[in-house]
Amino acid sequence: MKKLHHIAPLFALVILAFSPVVRAERKRVSVDGSSTVFPITEAAAEEFQAKTKGKIMVTVGISGTGGGFKKFCRGEIDIQDASRTIKTQEIATCAEAGINYLEIPIAYDAITLVVSKNNNWLQNITMAELKKLWEPSAQEKIMTWNQIRPEWPQKPIRLYGAGSDSGTFDYFTEVVTGKSRASRSDYSASEDDNTLVQGISQDAFALGYIPFTYFENNSNKLNAVAIQKTTTSNAVIPTRENIATGAYEPLARPVFLYVSLKSFAKPEVAEFLNFYLENAEKLVKDVQAVPLSPKAYASGLEKIRGTNANKAGKKEAKR
């Protein structure tokens with residue numbers, strides 16, 4: 001019985017240690033979605049957690065835009081990183097689940113065509129040639145580079161690009177082949193842009209598309225390919241200026257945050273978003289992405305603060 005007297009206080013301490021009264025749960029903000037937006041949101045999360053001294057934890061995943069929207073419309077995450085706008089079917093799915101949201105543009109991106117530093121012959125390509133290369137009918141037919149241009153080598157074409165859950169895949173296929181998700185499937189696909197970088201950089205006969213940020217961060221391994229709208233138009237290389245001014249269209253685009261209004265009712269989510277938009281221009285530049293105008297960020301911040309004020313007013317009215 002004496003042993004039991006010794007064990008009892010210890011057992012009580014164990015219970016107390018795991019009691020919700022004693023152990024304060026850290027508040028959490030969950031984000032998932034686009035690999036393109038990921039570096040910006042990851043930077044925002046790291047700086048915000050440092051500012052709040054770890055009291056609020058922000059988790060940032062990379063399921064791709066499509067994969068992220070599946071989670072977002074099920075109410076599993078607070079914020080969705082998106083490299084395209086929400087689709088009609090996703091809007092309907094969110095509506096069925098009672099998920100209302102804010103859409104906030106956060107940066108510009110350019111889908112960048114890249115080749116290995118060992119490739120010294122593919123400096124530019126037309127939109128028509130890209131279509132011939134990537135359209136579904138090209139599969140098992142367009143197999144060597146000289147089939148695109150006679151002066152290019154008679155070597156096997158090896159293509160790399162975004163996986164089917166990626167918003168980059170949706171946007172690229174729509175712009176290049178004329179129909180979203182219409183693409184040859186015999187290419188190396190990945191939701192992880194670093195995997196694409198590694199594959200392309202090691203193959204002199206590879207061509208792939210990745211977000212501009214990933215190209216800039218790996219410009220020691222890759223060359224960007226200039227885009228021509230037609231055979232007679234000027235070839236335009238992706239640069240910050242060309243992206244921001246629209247000169248690189250149609251492969252330049254804005255990228256977004258989607259915020260669940262249910263989640264926005266949580267103070268920690270509203271606090272994180274305020275921090276994100278207040279520091280957006282700096283954060284975007286820090287990860288070498290292309291920022292929007294200061295006016296655009298002011299507009300996004302106004303939208304967030306207006307929503308927060310409305311929610312506060314509704315709570316006060318219920319009292």
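All values derive from a computational prediction rather than experimental measurement.

Participant: What am I meant to see in the packing of helix 5 (residues 127-134) against helix 6 (residues 167-177) here?
Facilitator: Packed helices, taken two at a time, are described by the angle their axes make and the gap between the axes. With their axes 8 Å apart at the nearest point, helix 5 and helix 6 run at an angle of 115° to one another. Put simply, helix 5 runs roughly perpendicular to helix 6. Seen from helix 5, the contacting residues are Met127, Leu130, Lys131 and Trp134; seen from helix 6, they are Phe172, Val175, Val176 and Thr177. Taken together, the residues that form the contact of helix 5 with helix 6 break down as 6 nonpolar, 1 polar and 1 charged.

Participant: Looking at this structure, how should I read the pairing of strand 11 (residues 252-260)?
Facilitator: Each regular strand carries side chains that alternate between the two faces of the sheet. Summarising burial for strand 11: 8 of the 9 residues are buried, a large majority. Pairing of strand 4 (residues 101-116) with strand 11 involves 9 bridges; the strand directions are antiparallel. Bridge pairing in strand 11 links Ile104 to Leu257.

Participant: Sorry if this is basic, but what is going on with empty space enclosed by the protein here?
Facilitator: Scanning the model with the defined rule gives 1 cavity of 30 Å³ or more in all. Estimates place the volume of the largest cavity at around 30 Å³. Around the largest cavity sit Thr36, Ile40, Ala107, Tyr108, Asp109, Thr213, Val255 and Ala289, which together line it. The dominant element in the lining of the largest cavity, judged by the number of residues it contributes, is strand 4, at 3 residues.

Participant: How do you make sense of the pairing of strand 6 (residues 158-162) when you look at a structure like this?
Facilitator: Within strand 6, 4 of the 5 residues are buried, which leaves it mostly tucked inside the rest of the structure. Across 3 bridges, the pairing between strand 6 and strand 8 (residues 206-211) is parallel. Looking at the pairing, Arg158 lines up with Ala206 of strand 8. Bridge count between strand 6 and strand 7 (residues 188-190): 3 bridges; the pairing is parallel. When the sheet's bridge partners are listed, Ala162 is paired in strand 7 with Ser190. Handedness of the crossover joining strand 6 and strand 7 through helix 6: right-handed.

Participant: Which parts of the structure should I look at to understand the nonpolar core?
Facilitator: Soluble globular proteins tend to pack their nonpolar side chains together in the buried interior. If you look at the biggest cluster of nonpolar residues, it comprises 46 residues, and the most contacted ones within it are Leu113, Leu133, Trp134, Trp145 and Tyr209. Elements that contribute at least two residues to this core include exactly strand 4, helix 5, strand 6, helix 6, helix 7 (193-201), strand 8, helix 8 (212-217) and strand 9 (222-224). Considering every element that reaches this core, the biggest residue donor is strand 4, with 5 residues. Those residues in contact with Leu113, other than ones at most four positions away along the chain, are Leu130, Phe172, Leu207, Gly208, Tyr209, Asn223, Ala224, Val225, Ile227, Tyr248 and Leu251. Formed by 35 residues, the second largest nonpolar core is a distinct cluster that contains Val58, Val269, Phe272 and Tyr276.

The rules we used
Throughout this description, residue numbers start from 1 for each chain and increase along the sequence as written. Where local features are concerned, this predicted model is filtered to residues with pLDDT of at least 70; where side-chain atom pairs are given and counted, the filter is 80 or more; whole-chain, interface and lining totals use all residues. Each side-chain value is worked out from all heavy atoms of the structure, with water and hydrogens disregarded. Only C-alpha atoms enter the line fits that serve as axes; for helices the fit covers just the stretch in contact. Angles between N-to-C directions range over 0 to 180 degrees. A run of H or I in DSSP becomes a helix once it reaches four residues, and a run of E becomes a strand once it reaches two; helices and strands are each numbered from the N terminus. Working rule for angles: under 35 degrees goes down as roughly parallel, over 145 as roughly antiparallel, 65 to 115 as roughly perpendicular, anything else as oblique. The contact criterion used throughout is that any non-hydrogen atoms of two residues lie within 4.5 Å. Put simply, Ala, Val, Leu, Ile, Met, Phe, Trp, Tyr, Cys and Pro go in the nonpolar bin, Asp, Glu, Lys and Arg in the charged bin, and everything else, Gly too, in the polar bin. For the exposure calls, accessible area comes from a 1.4 Å probe over protein chains only, and a residue counts as buried if that area is under 20% of its type's maximum, exposed if over 50%, partly exposed in between. Two strands pair under a simple rule: DSSP has to find at least two bridges between them. Grid spacing is 1 Å over the protein atoms alone, the probe is 1.4 Å, and a cavity is where that probe fits but cannot get out, while a pocket is an open set with protein on both sides within 12 Å along at least five of seven lines and lining residues have an atom within 4 Å of a point. Grid points are joined across faces, edges and corners, and a volume is the space filled by probe spheres set on the points. Note on handedness: a clockwise path from strand one over the helix to strand two, with the strands aimed away from the viewer, defines a right-handed crossover. Only buried residues count toward a nonpolar core. Its members are Ala, Val, Leu, Ile, Met, Phe, Trp, Tyr and Cys residues joined through side-chain atoms within 4.5 Å.

Read these as spatial facts, not as claims about activity.
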